[in-house]
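Spelled out, the chains give:
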Amino acid sequence: MQYETQVWEPTPEHIVQAAKLLRRGELVGMPTETVYGLAANALDEQAVAKIFAAKGRPMDNPLIVHIAHKEELGRIVREITPTVEKLMDAFWPGPLTMVLPRRPEISDAVTAGLDTVAVRLPSHPVARKLIEEAGVPLAAPSANTSGKPSPTRASHVYHDLKGKLPCILDGGSCQVGLESTVIAVGENSARILRPGRVTVGDLLKVVEQVQVDDGVFTKLEGNQKVASPGMKYKHYAPSAHVVMVDGSITQFCDYVRTHAQEGTAVLVFDREKSLFDLPVFTYGSFSDQQSQASRLFDALRQMDERKDIKTVYARAPFPDEVGMAVYNRLLRACGFDVVDLKNKTHVYGLTGQTGAGKSTVADLLRKQGIGVVDCDVVAREVVQSPTLLDRLAKQFGKDILENGVLNRQRLADRAFASKEATQLLDQIMFPPILQEARQQMDRLAAAGHRIILLDAPTLFESGADAQCDAVITVVAKDEIRRKRIMARDGLTKEQAKARMEAQLSREFLEQHSDYLLVNDGTPEQLEEQVLALAMKLKHPQLTEMGKGNRHG
Ligand code: TXA
Ligand code: MG
């Protein structure tokens with residue numbers, strides 16, 4: 001049946017009229033504090049069937065029954081335990097739905113054949129008045145086409161369902177903006193099936209234990225048995241493909257810069273808007289999770305008004321408190337397509353001029369819990385391989401081996417005799433060293449290291465800098481370095497000079513490094529610089545927040 005759908009001001013007369021329609025088995029668009037609902041008389045199976053038809057909702061996804069007074073709960077559920085009493089007193093009326101054992105009078109059409117029923121007592125005055133006036137409990141899912149973002153304004157309901165119901169009561173925009181928290185209630189405990197405005201912290205003030213169901217953060221397969229059937233469907237999705245990019249704002253910007261194409265847009269927090277010259281959607285403030293909750297669905301709907309947009313990179317909300325609900329919805333809107341930059345392993349190359357203090361820096365960073373791969377150590381291991389020794393002997397003379405053992409001094413004498421010889425040595429040595437270093441870095445990453453230092457005296461010469469997210473270089477004045485290496489390695493002035501001159505220039509190092517440590521002073525001064533650097537590497541967000549504050 002086709003309706004001439006009307007949008008009504010929620011005057012007392014209109015509410016009486018809408019209630020009449022409900023009693024006659026019709027559907028009504030109903031504002032609640034969370035999202036708009038598509039209401040029908042929960043005791044009328046035919047009316048309930050209309051809900052599924054209008055939304056295109058899968059039949060195995062049960063509905064929430066809405067009541068206007070706590071006393072009505074006893075007519076819907078079999079048992080009201082002391083825990084249920086406590087939860088009602090703390091959160092009703094409000095955005096909490098409890099899944100409880102159902103009475104036989106509640107039809108399979110509402111519960112999708114489950115032995116439980118979901119019930120909630122909304123706080124929105126129009127919803128409560130409508131339920132009261134109708135005189136029956138109302139089954140009401142969110143009033144969107146199945147799979148689309150839930151409606152937070154009457155216009156959203158009209159957009160999705162016009163022609164499929166006689167009227168929508170316009171109660172303005174929904175305050176909460178995300179659907180109610182759905183919990184299964186145990187003895188002095190609750191399990192969150194769908195997170196919402198009522199948070200883990202809120203529930204813990206009332207019950208002793210709160211669990212978060214696996215389905216909240218992980219993808220459930222179509223045939224998997226799930227605590228809350230609604231969580232297994234693709235949901236809230238605009239036509240454009242959404243990708244959630246989880247990381248700091250700097251990481252996000254870098255990612256978008258390298259991935260943007262024609263038809264790319266971003267979904268970011270309000271104040272980040274000016275950072276992009278792409279189409280931008282916003283959803284509230286970074287620090288105010290409730291503002292994100294109330295704006296997310298509207299932002300997702302706005303995307304559908306732009307047919308030219310194919311991909312949207314979305315900033316991830318922080319998933320605690322109300323943010324858990326925001327994250328949960330965005331996760332479904334993007335079909336679980338998440339790019340996790342937060343837990344990415346960052347590799348920092350460490351190099352430096354001879355005698356500048358590179359090894360000291362590596363040791364200090366290691367003490368800060370940073371995983372270090374020392375390419376000198378790697379080289380010493382790699383050079384033990386018989387095939388490599390064989391190649392070296394062919395190139396530099398059989399007598400560099402004595403009883404199969406490498407005479408390092410002899411090899412060094414020959415390899416550093418000319419530029420060409422040095423290049424030949426590098427060509428043989430660099431590839432296996434890099435390969436082994438890569439494996440050691442993978443092992444550190446697998447062991448949980450998120451920051452790895454690749455300590456390599458010839459970082460640039462070997463091309464290993466290309467494998468690094470950033471490069472740290474240690475430099476010092478020539479005079480200071482010469483004294484250090486003469487004392488350390490027992491070199492003459494000329495030997496020290498030759499070694500220093502064989503290296504890349506300070507100018508080159510300064511130009512190609514992201515972090516420069518200048519070790520012209522005391523060991524304490526170096527340590528201070530290294531500690532500040534370690535702080536930056538470990539907490540990029542802190543440095544960013546600092547930046548954000550400076551920009552006001
Ligand atoms: O805020 C809200 O809860 C809104 C407004 C209109 O009240 N309603 C709403 O309904 O979001 P709906 O149908 O879109 O979502 C109901 C959720 C689904 O995830 C469903 O699977 C779950 O509640 N649910 C309903 N009955 C259940 C049951 N017996 N056991 C487990 N989960 C149930
Ligand atoms: Mg829904």
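Summarised in this report is the structure supplied together with it. (Residues numbered from 1 in each chain as written. Chains lettered and ligands numbered in written order. Predicted model: local features only at pLDDT ≥ 70, side-chain atom pairs only at ≥ 80, totals over all residues. Heavy atoms only, no water.)

Quick word on the side chain of asparagine 41
Mapped onto the elements, asparagine 41 comes out in strand 3 (residues 37-41). Judged by its relative accessible area of 9%, asparagine 41 is buried. Polar side-chain contacts of asparagine 41 include one of 2.8 Å to the backbone nitrogen of leucine 43. (Helix = DSSP H or I, 4+ residues; strand = E, 2+ residues; numbered from the N terminus. Buried < 20%, exposed > 50% of the residue type's maximum accessible area, 1.4 Å probe, protein only. Polar contact = N/O pair within 3.5 Å; in protein donor to acceptor, adjacent residues only side chain to side chain.)

A word on the nonpolar core
Where a protein is soluble and globular, its nonpolar side chains tend to be buried together. Core analysis: the largest hydrophobic core is formed by 45 residues, its most contacted members being Leu73, Leu87, Trp92, Leu96, Met98 and Leu203. Breaking this core down by element, the ones donating at least two residues are strand 3, helix 2 (45-55), helix 3 (82-91), strand 5 (96-101), strand 6 (116-120), helix 6 (154-161) and strand 10 (189-194). The element contributing the most residues to this core is helix 2, with five residues. When near neighbours in sequence (up to four residues on either side) are disregarded, leucine 96 contacts Leu87, Phe91, Val119, Arg120, Ser180, Thr181, Ile183, Val198 and Leu203. (Core = buried A, V, L, I, M, F, W, Y, C linked by side-chain atoms within 4.5 Å. Contact = heavy atoms within 4.5 Å.)

Here's the deal with the pairing of strand 15 (residues 311-315)
Each regular strand shows side chains that alternate between the opposite faces of the sheet. The buried fraction of strand 15 amounts to five of the five residues, a majority that puts the element mostly inside the structure. A two-sided burial pattern is seen for strand 15, the buried positions comprising Thr311, Tyr313 and Arg315 on one face and Val312 and Ala314 on the other. The sheet contact formed by strand 12 (residues 241-246) and strand 15 spans five bridges and is parallel. Residue valine 243 lies in a different strand from strand 15, and its bridge partner there is tyrosine 313. Inspection of the sheet shows strand 13 (residues 264-268) paired to strand 15 by four bridges, in the parallel sense. For leucine 267, the partnering residue across the bridge sits in strand 15 and is alanine 314. (Pairing = 2+ DSSP bridges.)

Quick word on the packing of aromatic side chains
Taken as a whole, this structure holds eight aromatic pairs when the rule is applied. Both rings, one in phenylalanine 217 and one in tyrosine 327, keep their centres 5.7 Å apart while their planes meet at 70°; by these two values the pair is edge-to-face. With phenylalanine 217 in the loop between strand 11 (209-212) and strand 12 and tyrosine 327 in helix 10 (residues 322-333), the pair connects residues that are 110 residues apart, well separated along the chain. Arranged with centres 5.5 Å apart and planes meeting at 85°, the rings of tyrosine 255 and tyrosine 313 form a pair that is edge-to-face. Of this pair, tyrosine 255 sits in helix 8 (residues 249-259) while tyrosine 313 sits in strand 15, and the two are 58 residues apart along the sequence. For the pair formed by tyrosine 255 and tyrosine 313, the shared burial category is buried. If you follow arginine 315 out to its NZ or CZ, it ends over the ring of phenylalanine 252, 5.9 Å from the centre. (Phe/Tyr/Trp six-rings, centres within 6.5 Å; stacked < 30°, edge-to-face > 60°. Lys NZ or Arg CZ within 6 Å of the ring centre and 35° of its normal.)

Brief notes about the pattern of salt bridges
All chains considered together, the criterion is met by 30 salt bridges. One salt bridge connects glutamate 272 with arginine 315, and the closest N-O pair in it is separated by 2.6 Å. Residue glutamate 272 is found in the loop between strand 13 and strand 14 (280-282), and its partner arginine 315 is found in strand 15; the two are separated by 43 residues along the sequence. Each member of the pair, glutamate 272 as well as arginine 315, is classed as buried. Here aspartate 363 and arginine 366 are joined by a salt bridge, their closest N and O atoms 2.9 Å apart. Placement of both aspartate 363 and arginine 366 in helix 11 (residues 358-367) is noted, with a separation of three residues, approximately one turn of the helix. (Salt bridge = Lys/Arg side-chain N within 4 Å of Asp/Glu carboxyl O.)

Topic: helix 6
Among all positions of helix 6, only Ala154, His156, Val157, Asp160 and Leu161 are buried. In a view along the axis of helix 6, the buried residues occupy a sector of 160°, so they form one face of it. In this structure, the buried side of helix 6 is in contact with strand 1 (6-8), strand 3, helix 2, strand 8 (167-169) and helix 9 (289-303). Positive phi shows up at glycine 163, right after helix 6, with a value of about 90°. (Arc of directions from axis to C-beta.)

Some thoughts on the pairing of strand 6
Strand 6 sits mainly inside the fold: four of its five residues count as buried. When strand 4 (residues 64-66) meets strand 6, the two strands line up parallel, connected through three bridges. Following the sheet pairing, histidine 66 is matched in strand 6 by arginine 120. Relative to strand 6, strand 5 runs antiparallel, the two being bridged by five bridges. Counted as the bridge partner of threonine 97 is arginine 120 from strand 6.

Focus: the sheet that holds strand 1
Spatial strand order, 1-8-2-3-7-4-6-5-9-10-11: 11 strands in an open sheet with mixed pairing. Strand pairing shows two members of the sheet lacking a second neighbour, strand 1 and strand 11, which therefore form its edges. Pairing of strand 4 with strand 7 (residues 138-139) involves two bridges; the strand directions are antiparallel. When the bridges of strand 7 are listed, valine 65 appears paired with alanine 139. Sheet strands touched by helix 1 (residues 12-23): strand 1, strand 2 (28-30), strand 3, strand 7 and strand 8. Its angle to strand 8, the strand with the most contacts, is close to 135°. Packing against the sheet, helix 3 makes contact with strand 5, strand 9 (181-186) and strand 10, and its axis sits at approximately 160° to strand 5. (Axes fitted to C-alpha atoms, helices over the stretch in contact; angles between N-to-C directions.)

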